[in-house]
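Take a look at the letters that make up each chain.
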Amino acid sequence: MKKSNFVALILGTIGGVFFALGMCMVLLPEWDMGTQGIVCGVIGLAVLLATLLIWRRMEHKAPIKISGKTLTAVFVGILGALLLGVGMCLCLLDPAKMAVGIVVGVVGIVVLLMLIPLLKGIHE
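Residues numbered from 1 in each chain as written. Predicted model: local features only at pLDDT ≥ 70, side-chain atom pairs only at ≥ 80, totals over all residues. Heavy atoms only, no water.

Another point: helix α3 (residues 68-93). For an α-helix, 3.6 residues make a turn, and residues three or four places apart therefore share a direction. For α3, which comprises 26 residues, the first-to-last C-alpha distance of 37 Å matches the rise-based estimate of 38 Å (1.5 Å per residue) to within 8%. Regarding α3, the residues found buried are Ala 73, Val 76, Gly 77, Gly 80, Gly 87 and Cys 91. Of the surrounding secondary structure, the elements contacted by the buried residues of α3 are α4 (98-113) and α5 (115-120). (Helix = DSSP H or I, 4+ residues; strand = E, 2+ residues; numbered from the N terminus. Expected span 1.5 Å × (residues − 1). Buried < 20%, exposed > 50% of the residue type's maximum accessible area, 1.4 Å probe, protein only. Contact = heavy atoms within 4.5 Å.)

In structure tokens:
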């Protein structure tokens, strides 16, 4: 394993744990730790962003250029992930809305699959 990949693995794990713990703290009312959860989640996101920047520098890659295509891909990815998550929540929390949850989840999967031709293009 290359050193850059090992560093990215460790930092990504730390960032993911902080982010997940923060989301649990915010979303579980029994814990009553909303403010602390937001802080923990932001720390997790910051570590994950730093991981991306550190890994790219260690691999001697050019910085990410922000373009319309990049912003569109980020927007489509976020939209697809949210739709998939909402569909899962509808299926798991309310059995009466399972059909709607399945449809919303499948739409989220289709939106996420749209990222492949958006980023890679369609070639013959």
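With that out of the way, let us pick up the packing of helix α1 (residues 3-27) against helix α2 (residues 34-58). Two elements in contact, α1 and α2, have axes whose closest approach is 7 Å; the angle formed by their N-to-C orientations is 165°. Here α2 runs roughly antiparallel to α1, going by the angle between their axes. In this structure, α1 meets α2 at a crossing whose hand is left-handed. Per-class residue counts for the contact of α1 with α2 are 19 nonpolar, 12 polar and 1 charged. (Axes fitted to C-alpha atoms, helices over the stretch in contact; angles between N-to-C directions. Parallel < 35°, antiparallel > 145°, perpendicular 65-115°, else oblique. Left-handed = near helix turned anticlockwise from the far one by under 90°. Nonpolar A, V, L, I, M, F, W, Y, C, P; charged D, E, K, R; others polar.)

Moving on, we get to the packing of α3 against α4. Packing of α3 against α4 leaves a shortest axis separation of 7 Å and a crossing angle of 160°. Viewed along their axes, α3 and α4 adopt a mutual orientation that is roughly antiparallel. Judged by the twist between their axes, the crossing of α3 over α4 is left-handed. The segment α3 lies against α4, with Val 76, Gly 77, Leu 79, Gly 80, Ala 81, Leu 83, Leu 84, Val 86, Gly 87, Leu 90 and Cys 91 engaging Met 98, Val 100, Gly 101, Ile 102, Val 104, Gly 105, Val 107, Gly 108, Ile 109, Val 111 and Leu 112.

With that settled, consider a nonpolar patch on the surface. Together, Met 1, Phe 6, Leu 9, Ile 10, Ile 14, Phe 18, Val 39 and Ile 43 make up a nonpolar patch on the protein surface, roughly 760 Å² of accessible area in all. Elements with a contribution of two residues or more to the nonpolar patch: α1 and α2. The element that contributes the greatest number of residues to the nonpolar patch is α1, accounting for 5 residues. Inspection of the secondary structure puts Phe 18 in helix α1. (Patch = residues over 30% accessible without salt bridge, like charges linked within 9 Å, V, L, I, M, F, W, Y side chains within 5 Å. Areas by Shrake-Rupley, 256 points an atom, 1.4 Å probe, with all protein chains shown as cover. Salt bridge = Lys/Arg side-chain N within 4 Å of Asp/Glu carboxyl O.)

A few words on the environment of Gly 101. Topologically, Gly 101 is positioned in helix α4. Under the relative-accessibility criterion, Gly 101 is labelled buried at 1%. In this structure, Gly 101 is in contact with Gly 87, Leu 90 and Cys 91, ignoring residues within four places of it in sequence.

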